[in-house]
Amino acid sequence: MTDFTLTQTYSLIALNAQDSLNLTTAKKAALRCAAAAVVLESYLNGTLVAQKGDIFTFDACTKNDFLYAETVLPAVTGLGSQPLSRFLKAAAAISAKRLKALERNIADSLKGVDALTEIPNLMGCDYFYCSAQVNIREYRTQETTYLAITEALRADILEDVIPTDETLCLLWLLKESGSLADVFSQTELDLVMQKIGTLLHTAPFVKTLFGTQLHHGLQLTVKAFLKSKKAFVKTPLGTGINYALPILERSQSVFIDTEAYFSNGEKRLNDVLERLALQGHSCSVLRTGEVPLLKIDNIVYEAIPDYVGGKMPVHGVRLRKYPL
């Protein structure tokens, strides 16, 4: 699919716009899936070998050229012959200390080829955060790299071809980390699930992989979103298998104040673009008008005119993540 490994490819999608300084619940879910990606990467390169049925064994000489893999492999290579789900869950259950080391090693491998950078978090543009001078940083995937990865994934699964094992592994990882909605629209997700549902009956690997759920850490995320009345998508998959696709928002609602009260749409948009540029964000205008559509660091937002009340109302724009 790309010149990156499975773990790197997945991380370039899942870490984009994630807090780079703190181990948030959403990022923890993403990193646990990144640990599972190391196991699947071993399957793809032939060092995790299928035995009889669903039983797999690591090759005695298993090694990886990437430092991030060495953070995870010691936790799984000594398990002997196990079902694939056992290896995936063992990898995802590594300690928080190892998760942080995994994040650092993955990020370093991607920064070294200019595929990933750290910039001020979008929340840093928020009126209240600016006033408090809060320092938040986030990851940003290089835009052309992000597009190449996501378009290749979409083509492989949405077109009338048999998807590769790498595509299937990547889909499962994005599903488990709640990142599918960052790549596919709801209509496309229905098509993806139909295709996976068909493969469940013909491809044992697909049935094994998509029958595995990594609940560690992700349950807390789902509960948090339910508590805050945020919707998550449920899609039937195959013969009675259901799973949640929680939409893990990369940031909360962001209010950006503008220079003038009741400014016209063009002036308001220019103020917002200037603020984003000053903070180092990559931004393009997908749609103008009263409610512009902006693509900021690979995520699409609506820019809704709004104001914050008080003795002196502050006028500006509220950025809200736009569903694909």
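Residues numbered from 1 in each chain as written. Predicted model: local features only at pLDDT ≥ 70, side-chain atom pairs only at ≥ 80, totals over all residues. Heavy atoms only, no water.

**Description of the overall build of the chain**
The criterion, for reference: Secondary structure follows DSSP: runs of H or I at least 4 residues long count as helices, runs of E at least 2 residues long count as strands, and numbering of each begins at the N terminus. Exposure classes here rest on a 1.4 Å probe applied to the protein chains alone. A residue is buried below 20% of its type maximum, exposed above 50%, and partly exposed in between. Only heavy atoms matter for contacts: two residues are in contact if any of them lie within 4.5 Å across the pair. Accessibility throughout is a Shrake-Rupley quantity obtained with a 1.4 Å probe, and a residue counts as covered only by protein chains that appear here.
The secondary structure content of the chain amounts to twelve helices and twelve strands. The 324 residues of the chain split such that 51% are buried. Restricting the contact set of the chain to residue pairs at least 6 apart, pairs at least 24 apart contribute 63%. In the form shown here, the chain has an accessible surface area of approximately 15,000 Å², with 54% of it arising from carbon and sulfur atoms.

**Some words on the side chain of E103**
Cut-off, in case you're wondering: Polar contacts, as counted here, are pairs of nitrogen or oxygen atoms within 3.5 Å of one another; within protein the pair requires one atom able to donate a hydrogen and one able to accept it, and residues that are adjacent in sequence qualify only if both atoms are side-chain atoms.
Summarising the element assignment, E103 is placed in helix α5 (residues 96-111). Of the polar contacts made by the side chain of E103, one reaches the side chain of K27; its length is 2.8 Å. The contacts of E103, once residues within four sequence positions are left out, are S20, K27, L31 and Y139.

**Digging into the sheet that holds strand β9 (residues 283-287)**
Stated precisely, the cut-off is as follows: A pair of strands is considered paired only if DSSP assigns at least 2 bridges between the two. For helices, the fitted axis covers only the stretch in contact; all axes are lines through C-alpha atoms, and the angles between them, taken along N-to-C directions, range from 0 to 180 degrees.
Strand order in this open sheet of five strands is β8-β12-β11-β10-β9, and the pairing throughout is antiparallel. Of all strands in the sheet, those with a lone pairing partner are β8 (254-257) and β9, marking the two edges. Adjacent strand axes in the sheet meet at a mean angle of 35°, parallel and antiparallel pairs treated alike. As paired elements, strand β10 (residues 293-296) and strand β11 (residues 299-308) share four bridges and run antiparallel to each other. Residue pairing across strands places L294 opposite Y301, the latter belonging to β11.

**Regarding the packing of aromatic side chains**
Quick reminder of the rule: Classification of ring pairs rests on two measures: the distance between centres of Phe, Tyr or Trp rings, Trp counted by its six-membered ring, which must be within 6.5 Å, and the angle between planes, read as stacked under 30 degrees, edge-to-face over 60 and tilted in between.
Summed over the entire model, instances satisfying the criterion amount to four aromatic pairs. On the basis of an interplanar angle of 70° and a centroid distance of 5.9 Å, the ring pair of Y43 and F56 is categorised as edge-to-face. Linking Y43 in helix α2 (residues 25-44) with F56 in strand β2 (residues 55-58), this pair joins segments that are 13 residues apart in sequence. Here the two residues Y43 and F56 agree in accessibility, since each one is buried. Geometrically, the ring pair formed by Y43 and F205 is stacked, given 4.6 Å between the ring centres and 10° between the ring planes. On the criterion of sequence distance, the pair formed by Y43 in helix α2 and F205 in helix α10 (residues 204-210) is long-range, its members being 162 residues apart. Note on accessibility: Y43 and F205 belong to one class, buried. Site record: aromatic cluster; members linked through ring pairs are Y43, F56 and F205.

**Considering the packing of α2 against helix α8 (residues 165-177)**
The line we're drawing: Under this scheme an angle from 65 to 115 degrees is roughly perpendicular, one under 35 degrees roughly parallel, and one over 145 degrees roughly antiparallel; angles in between are oblique. In this scheme, a crossing is called left-handed if the near helix is turned counterclockwise away from the far one by less than a right angle; it is called right-handed if the turn is clockwise. Throughout, the ten residues Ala, Val, Leu, Ile, Met, Phe, Trp, Tyr, Cys and Pro are labelled nonpolar, Asp, Glu, Lys and Arg are labelled charged, and all others, Gly among them, are labelled polar.
Between α2 and α8, the least distance of the axes is 9 Å, while the angle of their chain directions is 160°. Put simply, α2 runs roughly antiparallel to α8. As α2 packs across α8, the resulting crossing turns out to be right-handed. Each of A29, A30, C33, A36, A37, L40, Y43 and L44 in α2 lies in contact with α8, whose residues at this interface are D165, E166, C169, W172, L173, E176 and S177. A breakdown of the residues in the contact of α2 with α8 according to their chemical character gives eleven nonpolar, one polar and three charged.

**Description of the sheet that holds β2**
Pairing is antiparallel across the open sheet formed by three strands, whose spatial order is β1-β2-β3. Here the strands that pair on one side only, and so sit at the sheet edges, are β1 (48-50) and β3 (82-83). With two bridges joining them, β2 and β3 adopt antiparallel strand pairing. Within β3, the residue paired with I55 across the bridge is P83.

**Digging into the packing of helix α7 (residues 143-158) against helix α9 (residues 186-199)**
Running from N to C, α7 and α9 cross one another at 55°; their axes reach a closest spacing of 10 Å. Of the possible angle classes, the one that applies to α7 and α9 is oblique. Contacts from R154, D156, I157 and L158 of α7 reach α9 at E188, L191, V192, K195 and I196. Considered class by class, the residues forming the contact of α7 with α9 number five nonpolar, no polar and four charged.

**Examining the pattern of salt bridges**
Heads up, the rule is: Note on definitions: salt bridges are taken to be side-chain nitrogens of Lys or Arg within 4 Å of carboxyl oxygens of Asp or Glu.
Summed over all chains, the structure comprises twelve salt bridges. For the salt bridge of K27 with E103, the shortest nitrogen-to-oxygen distance reads 2.8 Å. With K27 in helix α2 and E103 in helix α5, the pair connects residues that are 76 residues apart, well separated along the chain. Residue E103 is classed as buried on the basis of its relative accessible area of 7%. A salt bridge links R154 to E188; the nearest nitrogen and oxygen atoms lie 2.8 Å apart. With R154 in helix α7 and E188 in helix α9, this pair connects stretches of sequence that are 34 residues apart.

**Considering unusual backbone geometry**
Keep in mind that most residues, glycine aside, have a negative phi and that most peptide bonds are trans. One non-glycine residue with positive phi stands out, namely D114, at about 60°. On the basis of relative accessible area, D114 is assigned to the exposed category, the value being 59%. For N298, which is not a glycine, the phi torsion comes out positive at approximately 75°. Within the element layout of this structure, N298 appears in the loop between β10 and β11. We classify N298 as buried; its relative accessible area is 9%.

Interpretation note: all reported values are geometric properties and have no functional meaning in isolation.
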